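Chain residues, written in single-letter form:
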Amino acid sequence: MLPPWPAWLLLPFSWLYAAVLAVRNWLYDHSWKRSAPGWVPLLGVGNLRVGGTGKTPHVAWLVEELLRQGQHPAILSRGYGRQSKGPRLATAADSAATVGDEPWQYYQEFSAQRVPIAVAENRQLGLNLLRQHHPSLTCVVLDDAYQHRRVRPTLNILLTELARPFYTDFVLPAGRLRESRAEAARADVVILTKCPPGLSASAQAAAAAQVQRYARPGVPVLFSAYTYGAPQPLLAALGLELENVPGPPATAGPALLLTGIAQPGPLRDYLKSQGYSIVHHQQLPDHHTFQPEDLEALRRHWQPGWPIFTTEKDATRLASPALWAGSRQALASYVYTIPVRVALLGEGAARLAGLVAQATQPAAR
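Below or above, wherever it landed, is the structure these notes cover. In this text the structure is predicted, and so the values were computed from the model without any measurement.

1. Here we look at the sheet that holds strand 5 (residues 117–119)
The strand order across the open sheet built from 9 strands is 4-5-3-6-2-8-9-10-16, with neighbouring strands paired in mixed fashion. Edge positions in the sheet fall to strand 4 (88–89) and strand 16 (340–344), since each of these pairs with one other strand and no more. Here strand 2 (residues 42–47) runs beside strand 6 (residues 139–143); their pairing, made up of 4 bridges, is parallel. By the bridge assignment for strand 6, Leu42 is matched with Val140. Of the strands in this sheet, strand 9 (189–193) and strand 10 (221–228) touch helix 6 (residues 201–211), which is tilted by about 125 degrees from strand 10.

Below, the structure written as structure tokens:
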């Protein structure tokens with residue numbers, strides 16, 4: 001099967017790119033390049049495809065499950081898009097600019113539970129930093145580290161979107177894969193994400209059969225769906241004190257949507273299913289650094305009283321009072337984030353929890 005025209009013209013470049021990556025992976029697989037285990041069990045979460053596959057809510061699910069199991073976890077991320085360099089531990093003095101939007105979201109969510117958040121381009125250096133400052137950790141969740149082979153996860157979790165699965169895609173530049181489909185064989189579990197909650201057993205079996213063409217024999221194939229929480233006002237993150245602040249929207253109606261993520265479609269579909277009419281969707285690139293002119297452009301489509309929805313990830317980059325100065329301040333009181341979580345279908349939650357427990361046993365270290 002070829003990619004659609006004219007992408008198939010790029011296939012020779014994809015084959016060359018895939019060959020280079022295959023040599024790199026062969027060197028790691030045969031110990032010519034060193035892939036070190038962690039000083040505690042490592043749970044890796046990643047994908048083969050560029051763009052959003054739902055890593056952030058799946059990492060959150062894992063951390064919540066580890067806490068339920070009595071573990072003391074940390075999260076280690078690259079910190080994509082941050083303005084700093086090198087290994088760094090997130091503190092209350094940081095922001096999305098200094099550690100990256102996803103790590104800052106993790107910090108806001110888990111700092112009260114004393115879950116350390118670290119960022120490092122070189123994950124081994126990040127692990128060393130965590131060991132130095134948090135020697136009592138029992139495990140580390142590696143965010144977006146499937147291609148980072150300097151460290152070797154105890155449990156390697158591969159995510160792929162049901163609507164854009166790796167097994168129908170091609171390596172860059174003809175497709176969106178970072179490496180070939182064959183590298184799914186490194187996964188210990190594969191999760192098809194962003195599924196309809198009522199995905200039929202036959203549809204699950206068909207997708208699992210496709211995954212198993214590339215995964216190792218016996219590797220579990222699970223399915224997850226998004227669940228959404230009640231709208232949360234952005235003002236709490238901004239620290240602004242405004243008069244006559246409206247409460248969360250009580251009824252559906254006209255609304256605006258502001259996103260800077262790779263795949264905003266599921267959120268847009270959810271809002272529509274709740275009866276909101278999305279009058280305008282200001283869709284910006286993933287990890288976009290919001291500017292005052294972005295909000296001015298949004299304001300031109302807004303009518304007083306209309307809610308403006310955004311994501312938790314975007315909220316980390318919107319939480320700057322300077323963005324909402326002057327005429328934009330009134331707009332801030334109508335911005336709401338929609339919390340997103342994952343729910344594993346069927347027996348998926350129990351199976352993944354069992355894999356997590358097995359990976360974090362003392363023998364796994």
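Moving on, there is more to tell.
2. Comments concerning the packing of aromatic side chains
Throughout the structure, instances matching the rule amount to 8 aromatic pairs. Here the aromatic rings of Phe166 and Tyr214 are separated by 5.8 Å at their centres, their planes lie at 70 degrees, and the arrangement is edge-to-face. You can see Phe166 sitting in the loop between strand 8 (155–161) and strand 9 and its partner Tyr214 sitting in the loop between helix 6 and strand 10, a full 48 residues away along the chain. Between Trp302 and Tyr334 the ring centres are 5.3 Å apart and the planes differ by 55 degrees, which places this aromatic pair in the tilted class. With Trp302 in the loop between helix 9 (292–299) and strand 14 (308–311) and Tyr334 in the loop between helix 11 (329–332) and strand 15 (335–338), the pair connects residues that are 32 residues apart, well separated along the chain. Grouping residues by exposure puts Trp302 and Tyr334 together as buried. Taken together, the ring pairs in this structure connect Phe166, Tyr167 and Tyr214 into an aromatic cluster. Its end group placed over the ring of Phe170, Arg181 keeps NZ or CZ at 5.1 Å from the ring centre.

3. Notes on unusual backbone geometry
Cis geometry marks the peptide bond from Leu172 to Pro173; its omega dihedral reads 0 degrees. Looking at the secondary structure, you find Pro173 in the loop between strand 8 and strand 9. Despite not being glycine, Arg114 has its phi angle at roughly 60 degrees, a positive value. Relative to the helices and strands, Arg114 is located in the loop between helix 4 (101–110) and strand 5. You can call Arg114 exposed: its relative accessible area is 68%. One non-glycine residue with positive phi stands out, namely His287, at about 65 degrees.

4. Brief notes about the packing of helix 2 (residues 55–68) against helix 4
Running from N to C, helix 2 and helix 4 cross one another at 30 degrees; their axes reach a closest spacing of 11 Å. Of the possible angle classes, the one that applies to helix 2 and helix 4 is roughly parallel. The chirality of how helix 2 crosses helix 4 is right-handed. Of helix 4, the residues touching helix 2 (which contributes Lys55, Thr56, Val59, Ala60, Val63, Glu64 and Leu67) are Glu102, Gln105, Tyr106, Glu109 and Phe110. In terms of residue class, the contact of helix 2 with helix 4 is made up of 6 nonpolar, 2 polar and 4 charged.

Criteria and thresholds
Residues take numbers from 1 onward in each chain, read along the sequence in its written order. With the structure being a predicted model, the display of local features is reserved for residues of pLDDT at least 70 and the display and counting of side-chain atom pairs for 80 or more, all residues being used for whole-chain, interface and lining totals. Side-chain measures here rest on the full set of heavy atoms in the structure, leaving out hydrogens and waters. Paired strands are those between which DSSP finds at least two bridges. Each helix is a run of H or I in the DSSP string that is no shorter than four residues. Each strand is a run of E no shorter than two, and both are numbered from the N terminus. By definition, residues are in contact when any of their heavy atoms lie within 4.5 Å. For helices, the fitted axis covers only the stretch in contact; all axes are lines through C-alpha atoms, and the angles between them, taken along N-to-C directions, range from 0 to 180 degrees. Any pair of Phe, Tyr and Trp rings, taking the six-membered ring for Trp, is counted once the centres come within 6.5 Å. Such a pair is stacked with planes under 30 degrees apart, edge-to-face with planes over 60 apart, and tilted for the rest. Residue exposure (1.4 Å probe, protein chains only): buried if accessible area is under 20% of the type maximum, exposed if over 50%, otherwise partly exposed. Working rule: Lys NZ or Arg CZ, within 6 Å of ring centre, within 35 degrees of ring normal, means a charge sits over the ring. Each angle is binned into one of four classes, with values under 35 degrees roughly parallel, values over 145 roughly antiparallel, values of 65 to 115 roughly perpendicular, and all other values oblique. Crossings are classed by handedness, with left-handed meaning an anticlockwise turn of the near helix from the far one by less than a right angle and right-handed meaning a clockwise turn. The classification used treats Ala, Val, Leu, Ile, Met, Phe, Trp, Tyr, Cys and Pro as nonpolar, Asp, Glu, Lys and Arg as charged, and all other residues, Gly among them, as polar.

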